[in-house]
Amino acid sequence: MILEEIHARLTETLQSRVLALFGQAVDRIVLQAPPKLNMGDLATPVALELAKALKRKPREIAQQLADGMTLPLLVASVSVEGAGYLNFRLDRGAFTAAHLQSVMEPPAPSGTRVIVEHTNINPNKAAHIGHLRNSVLGDTYVRCAKWLGDRVETQNYIDDTGVQVADVVVAFEKLEQKTLADVEALIANPGDESFDYVCWNVYSQMAQHYAANPDALQWRRETLHRIEEGGNETAAMAATIARAIVHRHLKTMQRLDITYDLLPKESDIIALHFWDRAFELLKQSGAVVLEAEGKHAGCWVMKLDEAEEFAGMNEPDKILVRSNGTVTYTGKDIAYQLWKLGRLDRTFDYREFARAGEHIVWETTHDGTTDPRAPKFGGASRVVNVIDSRQSYLQKVVKEGVRQVAGEAAAEASIHFAYEMVALTPSTAKALGMELSEEDASRTYVEMSGRKGLGVKADDLLNWLQFNASEAVRNSLAKRAEPGEFKDGEDHAIAERVGKQVAIGALRYFMLRFGRNKVIAFDWEEALRFEGDSGPYLQYSTVRVQNIFAKMRKEGIDPRIDDRAVDDLTLNQGFTDDMWELVRLSAELPAAIRRAVDSLELSIVTQYLLELAQKFNSFYHKYPIRNEKDAAERQRRAVCAEVFRRTMVGALELLGIPVPERM
RNA sequence: GCGCCCGUAGCUCAGUUGGAUAGAGCGCUUGCCUCCGGAGCAAGAGGUCGCAGGUUCGAAUCCUGCCGGGCGCACCA
């Protein structure tokens, strides 16, 4: 946090100086690292900005600001550079000593209650790579927001009454003539493939059946009706299937160290009549009206033609209640969103759904009894919904509904974390058995299709990553192990363990490294690469630095990185630019996290860590530590390495990427 | 038709909210394992920042208009 303090002090000093000297108030001072190290450590173009208003030369203004300026602690000097930049140099030794003690020290907690909703996979088939992007973005956001001091509640919404679940029920009942007992037996003993994989195929068979026999859609309508009615075998089957699949999804996500606090279920939202209450509120605020005539006659619609965002649309009005009296998805979503904001005076009951170690995953219920151990859910002052950008329009409608019922502030607190879809490169699609038209084959990507059962399943990808990574670790161990180092297949156990960690690192990094509104064209070859711009590169760099200290400990060499042993003066002499760049960059982590969370652009963090790791690897080759004879020089190098180590260990935790014992 | 997103090196992408000489990874060329672990490092080639105007001290970044691609705009979820 040391750099943030310097920023704050410099900003303050400059603002008061500009006011005193030129009578100008500047609300924001841009401070950034100059392009070249010899230009200093921090630079501001404030004089360039003032030049126009003052009608004076930028360099002149900058010089006047610099002359006689009182510099904050750890800032060594100020100078005028280039066209009129005001550049500052830091006291390298003192800064490093101070930074070493505060690496990864989080900012003061905000205590803001935040709900993050992510994953939200239809509980009717196995998770695929598109879902992984959602979950990884959501989970990483949660980790970063928590570090910044927010009190975060993670929700994974379960649509257990929708068309997708119904279609699997129809397939089992009609196509395969299975009873509830048959399905229960299948769940208990799914055979070669897990139950979510079985349903993946069943679902796509059903979709194909509908395509060939449109009359079968009648089955879907009947099934949906019976599910909503409840108290029959069909409804019981739907619930059973959904639960079993959700358990599978949680298992898959747990492989990536992703978990949840609460699983709100659509069936409970219906049973507890959340919509009825939301409907009252919407009517009271005048947000919905009953259409008497026209093509929406008999429907309750939200009028959007006056809202600026929806202007110019063909059909800006959104139906919330159909003419047959049933509620649309958007309507239910408004009710749910109001609950999350604490603006719907109804709530759920809760019970334990599953455990991940000590952590309890709760689910909603509607039976009137709540487990006394359950924490308070809902009622957040910020709600972040991780939902793919194809639903941007609907999310805007939900936000508008919230605005009309609960006001501007509540609408602004409802944040759609939008991201683009994951598609497949033509070669990967082909490998999955997708038939490509000539046109498709020439595109950069083609969409997956759940209905056709064409997509890359999350567990398959993880398995492959794990397989390849374990193989790489085995090779590396075989090459580097000292004779007799491993016995009883110990090396195989390590390869398995580390392989899992590398797979997680590779996958999570891959899902984060692209900007969120970039379509990811998934390619097997690229995803399985562990070099360069990848998670394993970060892990490798961290393992490396850990190794240096492990070796020194083993050999009884004191690296003298204990905070008290670090002496500014020793550090100051002979501090090379390479070393300094590494330390200075490592101090920018908190700023990177802040920007990432504020902009919902988590690739900022992977980008930053790649650069940091590159700086370290370069440093590593140039400045051996263990073999350095001069004690002061060795300490200087060790401190730089330690600063990097602490930064990296902390940062990888925020990305959910584990640090392997060796690679 | 309307709205949102994308267009930067051969390919995949960054570019810190308008700042200094546009950067990485992959691929290609050339070096580096008696030396803390080569999943690495050093160096090189590679650019009309889609096109055309505009705004200003300054534009890949902001504004306007085009061109090309994607996604939305259900009484589906």
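Below or above, wherever it landed, is the structure these notes cover. (Residues numbered from 1 in each chain as written. Chains lettered and ligands numbered in written order. Predicted model: local features only at pLDDT ≥ 70, side-chain atom pairs only at ≥ 80, totals over all residues. Heavy atoms only, no water.)

## So, the sheet that holds strand β2 (residues 75-81)
- Read from one edge of the open sheet, 3 strands run β1-β3-β2, paired in antiparallel fashion. The open sheet terminates on both sides in strands that have one partner only, identified here as β1 (42-44) and β2. Averaged over all neighbouring strand pairs, the angle between strand axes comes to 20 degrees, with direction disregarded.
- Each of β2 and β3 (85-90) touches helix α3 (residues 58-66); the most contacted strand, β2, lies at about 160 degrees to it. (Pairing = 2+ DSSP bridges. Helix = DSSP H or I, 4+ residues; strand = E, 2+ residues; numbered from the N terminus. Axes fitted to C-alpha atoms, helices over the stretch in contact; angles between N-to-C directions. Contact = heavy atoms within 4.5 Å.)

## Considering the pattern of salt bridges
- As enumerated under the stated definition, the model contains 51 salt bridges in all.
- With its nearest N and O atoms 3.0 Å apart, the salt bridge here joins E363 to R351. With E363 in strand β11 (residues 359-365) and R351 in strand β10 (residues 349-356), this residue pair connects regions lying 12 residues apart in the sequence.
- Of the charged contacts in the structure, one is a salt bridge between R403 and E400, with a shortest N-O distance of 3.1 Å. Here the residue R403 and the residue E400 both occupy positions in helix α14 (residues 392-406), the gap between them amounting to 3 residues, near one helical turn.
- By relative accessible area, R403 is classed as partly exposed at 24%.
- Shared partners join several salt bridges into a network, and the residues in it are D139, R143, D257, R508 and E653. (Salt bridge = Lys/Arg side-chain N within 4 Å of Asp/Glu carboxyl O. Buried < 20%, exposed > 50% of the residue type's maximum accessible area, 1.4 Å probe, protein only.)

## Quick look at helix α12 (residues 274-284)
- Taken residue by residue, α12 has F274, W275, R277, A278, F279, L281 and L282 as its buried positions.
- Buried residues in α12 make contact with α11 (266-271), β7 (288-290), β8 (300-302), β9 (318-321), α13 (329-340) and α14.
- A positive backbone phi angle near 75 degrees is found at G286, which sits one or two residues after α12.

## Section: the packing of aromatic side chains
- The full count for this structure, using the stated rule, is 20 aromatic pairs.
- Arranged with centres 4.8 Å apart and planes meeting at 80 degrees, the rings of W339 and F348 form a pair that is edge-to-face. F348 carries the same exposure label as W339, and that label is buried.
- Plain terms: the ring middles of W464 and F467 are 5.9 Å apart, the flat faces sit at 80 degrees to each other, and that makes the pair edge-to-face. Of this pair, W464 and F467 both sit in helix α18 (residues 458-480), 3 residues apart, which is roughly one turn of that helix. (Phe/Tyr/Trp six-rings, centres within 6.5 Å; stacked < 30°, edge-to-face > 60°.)

## Some thoughts on the protein's contact with RNA strand B
- Taken together, the neighbourhood of RNA strand B is formed by 69 residues, with Y85, R322, L394, R480 and M663 sitting nearest.
- A share of 68% is what sugar and phosphate atoms reach among the atoms of RNA strand B within 4 Å of the protein.
- Residue E447 places a side-chain N or O atom 3.4 Å away from a phosphate oxygen belonging to RNA strand B.
- One of the side-chain N or O atoms of R529 is found 3.2 Å from a sugar or linking oxygen in RNA strand B.
- Of all elements in the fold, only α2 (46-54), β3, α14, α18, α21 (535-554) and α25 (603-622) reach the threshold of two or more residues within the surface near RNA strand B.
- The biggest single contributor to the surface near RNA strand B is α25, with 7 residues.
- Here the surface near RNA strand B is composed, by residue class, of 32 nonpolar, 18 polar and 19 charged. (Near = heavy atom within 4 Å. Polar contact = N/O pair within 3.5 Å; in protein donor to acceptor, adjacent residues only side chain to side chain. Nonpolar A, V, L, I, M, F, W, Y, C, P; charged D, E, K, R; others polar.)

## Description of empty space enclosed by the protein
- One pass over the structure, following the stated rule, counts 2 cavities of 30 Å³ or more.
- If you add up the space inside the largest cavity, you get close to 50 Å³.
- Lining the largest cavity are M1, H99, S102, V103, M104, E105, S586, A587, L589 and P590.
- Counting only elements with at least two residues in the lining of the largest cavity, the list comes to α4 (92-102) and α24 (589-599).
- Split into classes, the residues belonging to the lining of the largest cavity amount to 6 nonpolar, 3 polar and 1 charged.
- Its boundaries defined by the atoms lining it, the second largest cavity holds a volume of some 30 Å³.
- Forming the walls of the second largest cavity are Y157, E266, I269, Y329, K332, D333 and Y336.
- Breaking the lining of the second largest cavity down by element, the ones donating at least two residues are α11 and α13.
- If you tally residues by element for the lining of the second largest cavity, the top one is α13, at 4 residues. (1 Å grid on protein atoms, 1.4 Å probe; cavity = no way out; pocket = protein on both sides within 12 Å on 5 of 7 lines; lining within 4 Å. Points joined across faces, edges and corners; volume = space filled by probe spheres on them.)

## Side note on the environment of G68
- Within the secondary structure, G68 is located in the loop between α3 and β2.
- The exposure class assigned to G68 is exposed, which follows from its relative accessible area of 69%.
- When the C-alpha positions of G68 and L282 are compared, they lie 62 Å apart, and in sequence the two are 214 residues distant.

## Considerations on the pairing of strand β4 (residues 113-117)
- For β4, the tally of buried residues reaches 4 of 5 residues, placing the bulk of the element in the interior.
- Summarising the sheet, β4 and strand β5 (residues 151-155) pair through 5 bridges and their orientation is parallel. Counted as the bridge partner of R113 is R151 from β5.
- The parallel pair β4 and β5, bridged by helix α5 (residues 129-147), forms a crossover whose chirality is right-handed.
- As paired elements, β4 and strand β12 (residues 382-388) share 4 bridges and run parallel to each other. The partner of V116 across the bridge, within β12, is V384. (Right-handed = clockwise from strand over helix to strand, strands pointing away.)

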